[in-house]
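A look at the structure
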Amino acid sequence: MSFLDELRDILGPNGLISSPEETRTYECDGLTNFRVMPLAVVLPTSTEQVQAVIRLCHRDRIPFVARGSGTGLSGGALPVNNGIVISLARMNRILEVDLANHRIVVEPGVINLNVTARVAPSNYFYAPDPSSQSVCSIGGNVAENAGGAHCLKYGFTTTHVLALEVVLPDGTLAHFGSKTLDAPGYDLAGVFVGSEGTLGVATKITLRIMKRPECVQTLLAAFNTTNEAGAAVSGIIAAGMLPAAMEMMDNLAIQAAEAAVHANYPNCGGLLLVEMDGPVAEVDTLIAQVSAICRENGSTEIRVAQTEEERAVVWKGRKAAFASVGRISPNYIVQDGVIPRTALPKILDEIERLGKASGLRVANVFHAGDGNLHPLVMYDRRIEGQEHAAEKLSERILELCIEMGGSITGEHGVGEEKKHMMGKMFAEPDLATMQKLRCAFDPLALANPTKVFPTPRLCGETPGEYVPHPLEVAGIAERF
Amino acid sequence: MRIVEPHSAEETAEILRAANEDGASVIPRGGGTKSDWGNPPRRTDILLSTANLNRVIEHAWADLTVTVEAGCTIAELQRTLAHHGQRLAVDPLWPEKATVGGVLSTNDTGTLRLRYGGLRDLVIGVTLALADGTLARSGGKVVKNVAGYDLSKLVTGAFGTLGVITSATFRLHPLPKHTHTVTAAVPDLAAMQLLLSKILDAQLVPAAIQVRAGAGAPQIDVLFEGTEEGIYAQVDRLREMTPLTDTDAEVFRRLDAGAKISVLPARIAETLEALDGYAVVEATGLGWVQSHHLSQMREKIEAMGGSLVLMRPYNSLDAWGATAGGDALPLMRAIKRRFDPRGILNPGVFVGGI
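Residues numbered from 1 in each chain as written. Chains lettered and ligands numbered in written order. Predicted model: local features only at pLDDT ≥ 70, side-chain atom pairs only at ≥ 80, totals over all residues. Heavy atoms only, no water.

1. So, the overall build of chain B
Assigned secondary structure in chain B consists of eleven helices and 18 strands. Its C-alpha radius of gyration of 21 Å places chain B within 12% of the 20 Å reference for a compact globule of 354 residues. Each of the three principal axes of chain B carries a C-alpha extent, and together these read 65 × 50 × 35 Å. Looking at chain B as a whole, 63% of its 354 residues are labelled buried. Restricting the contact set of chain B to residue pairs at least 6 apart, pairs at least 24 apart contribute 67%. Approximately 12900 Å² of chain B is accessible, and the part contributed by carbon and sulfur atoms is 52%. When the 35 positive and 39 negative side-chain charges of chain B are each reduced to one mean point, those points stand 4 Å apart. (Helix = DSSP H or I, 4+ residues; strand = E, 2+ residues; numbered from the N terminus. Rg over C-alpha atoms; globule rule 2.2 N^0.38 Å. Buried < 20%, exposed > 50% of the residue type's maximum accessible area, 1.4 Å probe, protein only. Contact = heavy atoms within 4.5 Å. Areas by Shrake-Rupley, 256 points an atom, 1.4 Å probe, with all protein chains shown as cover. Lys, Arg positive; Asp, Glu negative; His and termini not counted. Charge placed at Lys NZ, Arg CZ, Asp CG, Glu CD.)

Here it is as structure tokens:
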């Protein structure tokens, strides 16, 4: 029986896609400039099916790539040559809601926002909120360690994953973490989250859910420059406050948001969005303090959104920022880099200078509280050389992030897109050490094998317990 | 047994490389406060003390991060951070002696975990010396970073069995402007559980909650941090649920006990039934227990899906539990073999004889 027939046997006729017309849908994820046609796509509905598929891959040395909703922005779910794609989209059940312990157990295909929707009637929520949360899956969030605007206060996906059921790259099933904290042993859930599909496939995920804060208020402050807005952010940090979110947009990003969703933002050089949540009395006090700090730093206009509806309007422009840029530029690159927050003015100046030098416009949207930048490099593919210049500029921005002590990715992942940058951010021994981990999980390099690391490596023999050579056993030779 | 006290990460790596070549076992040691935790090492050839790795390398206060060498004590670190009104939001045991490396390796957090998360959530980068002499860095200096594997989490709670942490970078929190502690006495464990559930389901944001149980009526301590207005409003809300007395943050002083337990928050009362000694259990479900019947207690807790880990030897019980690691134990062993193929680092101290 051929490999495909065996897959069909496991999944049934509806669980396997192998005709090129249909597999084409899976040739890329949210990063569309890389495309690879998969050998086949499987759509399992149970852990057992995932296991059976991966066992088969392991037997025949076929690489596999797990895929959630395919919204990733670094090519993490990009197929690999001669490999299959395992789509977890049909494993989308919420298995258990345990409000008393603030836990929820879900399958990987569950959409992020559906987790909150399920517990919202009891006034709970799931904190990580990537901008794609209405379509992205929890499994994908786990693979990428997804962040979002509110991770400044609430942490990333990794903070909220308590336990995982994982099919390892040889098809065995293992359980990481536990519903209780600090399960004895290595924190495998901690290393699995954010491993970008290179260590196995999660089939069941236990998440932490949180009680909704009593009150949420969002302050919108307009400044003449991003530097002034940045100074206000520093003031807020220095005053000892930890907002739920702190977002900044520059003038180009504001224009784009206005053109796309009419967020009614003030037309200014730098827009700051600060969200505070908690008990009413506390939030009232803090928002007053934030207002004062913004005014001291030259804010020309301050608005405070207090109702759910007002807040939704304020957030609309920010959440739509990436897509909005399409309104003011035919093509653009979404970049994701991180700097120590205090380097913000410096890098913005640099980006502006580089943009001017290469004749390209760059809109800037960032999570100002944690220094996560999303420069949007605009270009026109029809103009010869612009795409190349945009790619160059985009990469140069990442190099600047590294030079300033930051990172090449804050939340989008390394995937296919940035693997060549890993050698700039990390030294060879750092990468070799990460390989030790990968080799322990996946010695045959079958799980998303070409991603994250710059060069594919072989794991070599599993260093094991000392195994005496037959000649030693026979007393003919000995080792020194 | 030989004691070595390297002055740099490089020297630490060099010591490990040489020990590895000789097949000599290395026991990393910080303040020596938790040497009893875990199982006793199978061999102790070299005691590697981090006493000379005690510098705060960089407190980037405006970025709310700090990079600190492994041998710096928690108290010394906190004093440095306090100069800029900040702290590492953990409250481990014996802060005057316990070191950054030791606290990370043993994953010793305290009651602040409810609000600020555990060490795994606060550590954003580490430098590790591996058994083969490699000096490797993971993570970085920024709070948000998903480049490469998060080895900081792998070594947090790994009891030094994968490498020696030589320095670490943490995200920080501002020191609270105001704090207030209140205590509620409840008649029995059932009433305690009911009240605890009510507090956790209310929209309060306490920094810490703990249950004290033993002889006499159980007590629930709640710590609030933040603005005065916020604290008063929350204490008033709590008072509507139960009578309260104002107490002192001293009630949160960590308990040096025989075992650490981890249970689901809604099953704390059940766990503490028939307790012969005393216990402090946090609202996170993590607790510290003094008892003469730890075997029975472990059996009961494990049946509920939790764990009981010894903090000092007890009746030749395995420190971690006979089934610790579960079906992931083979993978944990594989990781250990990749990082420390000759098994020189703290051999036998960790789960499953790792």
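Still to come is the rest of the account.
2. Concerning the state of the cysteines
Residue and element names in this part refer to chain A. Applying the stated criterion across every chain, the model contains one disulfide over all chains. The disulfide that involves cysteine 439 links it to cysteine 459, with 2.1 Å between the sulfurs. One quick way to see it: the torsion about the S-S bond of cysteine 439 and cysteine 459 is about -85°, and its sign makes the bridge left-handed. In this pair, cysteine 439 is assigned in helix 17 (residues 428–441) and cysteine 459 in the loop between helix 17 and helix 18 (470–473), connecting sequence segments 20 residues apart. Looking at cysteine 459, the relative accessible area reads 13%, which means it is buried. Its sulfur unpaired, cysteine 136 is 13 Å from the next cysteine sulfur, which belongs to cysteine 151. (Disulfide = S-S within 2.5 Å.)

3. Notes on the interface of chain A and chain B
The partner chain B presents 79 residues to the 92 residues of chain A that form the contact. When residues of chain A are sorted by the area they lose upon contact with chain B, Asp182, Pro184 and Tyr186 of chain A head the list and together hold 13% of the total. Inspection of the chain A/chain B interface yields eight salt bridges. Ionic pairing is found between aspartate 201 of chain B and lysine 211 of chain A, a salt bridge with its closest N-O pair at 3.1 Å. Counting across the chain A and chain B interface gives 28 residue pairs in polar contact (both at pLDDT 80 or more). If you list the elements that add at least two residues to the side of chain A that touches chain B, you get helix 6 (151–154), helix 7 (157–160), strand 9 (173–177), helix 8 (188–192), helix 9 (226–238), helix 11 (280–296), helix 16 (422–425) and helix 17 of chain A. The biggest single contributor to the side of chain A that touches chain B is helix 17 of chain A, with ten residues. Within the side of chain A that touches chain B, the residues separate by chemical class into 44 nonpolar, 30 polar and 18 charged. (Buried area = accessible area lost by both parts, 1.4 Å probe. Salt bridge = Lys/Arg side-chain N within 4 Å of Asp/Glu carboxyl O. Polar contact = N/O pair within 3.5 Å; in protein donor to acceptor, adjacent residues only side chain to side chain. Nonpolar A, V, L, I, M, F, W, Y, C, P; charged D, E, K, R; others polar.)

4. Side note on the sheet that holds strand 3 (residues 46–49) of chain B
All names here are of chain B. Ordered in space as 1-3-2, the three strands form an open sheet in which the pairing is parallel. One side of each edge strand has no neighbouring strand; the edge strands of this open sheet are strand 1 (2–4) and strand 2 (26–29). The sheet shows a mean angle of 25° between the axes of neighbouring strands, taken without regard to direction. Sheet topology note: the strand 1/strand 3 ladder contains three bridges and is parallel. Bridging across to strand 3, valine 4 finds its partner in leucine 48. This element, helix 1 (residues 9–22), spans strand 1, strand 2 and strand 3 of the sheet and lies at about 170° to strand 3. (Pairing = 2+ DSSP bridges. Axes fitted to C-alpha atoms, helices over the stretch in contact; angles between N-to-C directions.)

5. A closer look at the environment of isoleucine 347 of chain A
Residue and element names in this part refer to chain A. Counting through the fold element by element, isoleucine 347 comes out in helix 14 (residues 344–357). Spatially, the C-alpha atoms of isoleucine 347 and glutamate 144 are 25 Å apart, while their sequence positions differ by 203 residues. For isoleucine 347, the residues in contact, after removing those within four places along its chain, are Ile339, Leu373, Ile397, Leu400, Cys401 and Met404.

6. Comments concerning the packing of helix 17 of chain A against helix 11 (residues 329–339) of chain B
Relative to each other, helix 17 of chain A and helix 11 of chain B sit at 145°, their axes nearing to 8 Å. Here helix 17 of chain A runs over helix 11 of chain B; the crossing is right-handed. Contacts from Thr433, Lys436, Leu437, Cys439, Ala440 and Phe441 of chain A of helix 17 of chain A reach helix 11 of chain B at Leu331, Ala334, Ile335, Arg338 and Phe339 of chain B. Split by residue class, the contact of helix 17 of chain A with helix 11 of chain B holds eight nonpolar, one polar and two charged. (Left-handed = near helix turned anticlockwise from the far one by under 90°.)

7. Here we look at the nonpolar core
Residues Leu164 and Phe176 of chain A together with Phe170 of chain B are the most contacted members of the largest nonpolar core, which totals 179 residues. The element that contributes the greatest number of residues to this core is helix 15 (residues 386–403) of chain A, accounting for seven residues. Setting aside chain neighbours within four positions, we find leucine 164 of chain A in contact with Val142, Ala174, His175, Phe176, Ala189, Phe192, Val193, Ala202, Lys204 and Ile205 of chain A. (Core = buried A, V, L, I, M, F, W, Y, C linked by side-chain atoms within 4.5 Å.)

8. Quick look at the environment of valine 235 of chain B
All names here are of chain B. Looking at where valine 235 falls in the secondary structure, it is placed in helix 8 (residues 228–241). Taking C-alpha positions, valine 235 is 33 Å from glycine 258, a pair spaced 23 residues apart along the chain. Those residues in contact with valine 235 that lie beyond four places of it in its chain are His180, Val182, Phe224 and Leu244.

9. Section: the pattern of salt bridges
Residues and elements named next belong to chain A. Inspection of every chain in the model, using the stated rule, returns 49 salt bridges over all chains. Put simply, glutamate 308 and arginine 311 hold a salt bridge, and the shortest N to O gap is 3.3 Å. With glutamate 308 and arginine 311 both in helix 12 (residues 308–319), this residue pair falls three residues apart, about one helical turn. Arginine 311 gets classed as buried once you look at its relative accessible area, which sits at 11%.

10. Section: the packing of aromatic side chains
Scanning the model with the defined rule gives eight aromatic pairs over all chains in all. With 5.2 Å between their ring centres and 70° between their planes, tryptophan 320 of chain B and phenylalanine 350 of chain B make a pair best called edge-to-face. In this pair, tryptophan 320 of chain B is assigned in the loop between strand 18 (307–310) and helix 11 and phenylalanine 350 of chain B in the segment after helix 11, connecting sequence segments 30 residues apart. Assigned by exposure class, tryptophan 320 of chain B and phenylalanine 350 of chain B land together as buried. Site record: aromatic cluster; members linked through ring pairs are Tyr186 of chain A together with Phe159, Trp320 and Phe350 of chain B. We note lysine 34 of chain B situated over the ring of tryptophan 37 of chain B; from NZ or CZ to the ring centre the distance is 5.9 Å. The side chain of arginine 254 of chain B reaches across the aromatic face of tryptophan 288 of chain B, ending 4.4 Å from its centre. (Phe/Tyr/Trp six-rings, centres within 6.5 Å; stacked < 30°, edge-to-face > 60°. Lys NZ or Arg CZ within 6 Å of the ring centre and 35° of its normal.)

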